[in-house]
Amino acid sequence: KAGVTQTPRYLIKTRGQQVTLSCSPISGHRSVSWYQQTPGQGLQFLFEYFSETQRNKGNFPGRFSGRQFSNSRSEMNVSTLELGDSALYLCASSSDPGTSPQETQYFGPGTRLLVL
Amino acid sequence: GQSLEQPSEVTAVEGAIVQINCTYQTSGFYGLSWYQQHDGGAPTFLSYNALDGLEETGRFSSFLSRSDSYGYLLLQELQMKDSASYFCAVRAITGGGNKLTFGTGTQLKVEL
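Residues numbered from 1 in each chain as written. Chains lettered and ligands numbered in written order. Predicted model: local features only at pLDDT ≥ 70, side-chain atom pairs only at ≥ 80, totals over all residues. Heavy atoms only, no water.

*Asks:* Explain the pairing of strand 9 (residues 84-93) of chain B residue by residue, including any values.
*Replies:* Residue and element names in this part refer to chain B. Counting buried positions over the ten residues of strand 9 gives nine, a clear majority of the element. Here strand 4 (residues 29-37) runs beside strand 9; their pairing, made up of eight bridges, is antiparallel. From the neighbouring strand, Tyr35 faces strand 9, where its bridge partner is Phe87. Across three bridges, the pairing between strand 9 and strand 11 (residues 106-111) is antiparallel. Residue pairing for strand 11: Ser85 is matched across the bridge by Gln107. (Buried < 20%, exposed > 50% of the residue type's maximum accessible area, 1.4 Å probe, protein only. Helix = DSSP H or I, 4+ residues; strand = E, 2+ residues; numbered from the N terminus. Pairing = 2+ DSSP bridges.)

Below is the structure:
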């Protein structure tokens, strides 16, 4: 099976702009979670989508949003970018951690976003 | 909410054994996972403990004590390629399902 793919891999934006990141999960996986990784904060949970519905949300401002399509592909959007949004954005897929808590999450390579 | 604590850095020599501890505070605990991440790479799953005790997978073992809210990852016969960051993560019940909360990671440096 192909792994989790994320596009683009690298992105440079300026403050105030918006950005959309894309994630394609492993075939058959219906759950997609997004994380922000920064050197000081580690991996912080943004949100989880399952069957096109947001099932969980982390403690991020409303500028961070996401969605999931019927084919399980997911996008996240960050509006009005701030310097502090510079980070590695990772998505992870699993079949359904809601019914199988031990279900492993498989991570994509991430999108490295730099906000200038 | 959830919080996890793990050492920020550990150094060990090739061939040695190293233990990375993780303590957590959470409600609705499901289990404790461990992930490895090499510089520039994606986190990869190592192990998962839902019940007390030791789980062994090759050179890696993971332990959980639910009553102590504590777990550890044990790496044996260290190799240079084990130099990476190791994250513990708690899976806990939330409103609509469950989510994974990660610790800030332990950077393991393996030296000759």
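*Asks:* Any details on the pattern of salt bridges? Residues and values, ideally.
*Replies:* Counting across every chain of the model gives seven salt bridges over all chains. Across the pair Glu48 of chain A and Arg55 of chain A runs a salt bridge whose closest N-O atoms are separated by 2.7 Å. We note that Glu48 of chain A, like Arg55 of chain A, is buried. Its salt-bridge partner being Lys109 of chain B, residue Glu9 of chain B comes within 3.6 Å of it at the nearest N-O pair. Residue Glu9 of chain B is found in strand 2 (residues 9-13), and its partner Lys109 of chain B is found in strand 11; the two are separated by 100 residues along the sequence. Accessibility expressed as a relative area gives 42% for Glu9 of chain B, which makes it partly exposed. The structure contains a network of salt bridges with shared partners spanning Arg63, Glu82 and Asp85 of chain A. (Salt bridge = Lys/Arg side-chain N within 4 Å of Asp/Glu carboxyl O.)

*Asks:* Describe in detail the pairing of strand 8 (residues 74-78) of chain A, supporting the description with residues and values.
*Replies:* Residues and elements named next belong to chain A. With five of its five residues buried, strand 8 lies for the most part within the structure. Both faces of strand 8 are covered, namely the face carrying Ser74, Met76 and Val78 and the face carrying Glu75 and Asn77. Inspection of the sheet shows strand 3 (residues 19-24) paired to strand 8 by five bridges, in the antiparallel sense. Within the sheet, the bridge partner assigned to Val19 lies in strand 8 and is Val78. Looking at chain direction, strand 7 (residues 64-68) and strand 8 are connected through five bridges and run antiparallel. Bridged to Gln68 within strand 8 is Ser74. Linkage of strand 7 to strand 8, two consecutive antiparallel strands, is achieved through a turn of five residues, within which Ser72 is found at a positive phi near 75°.

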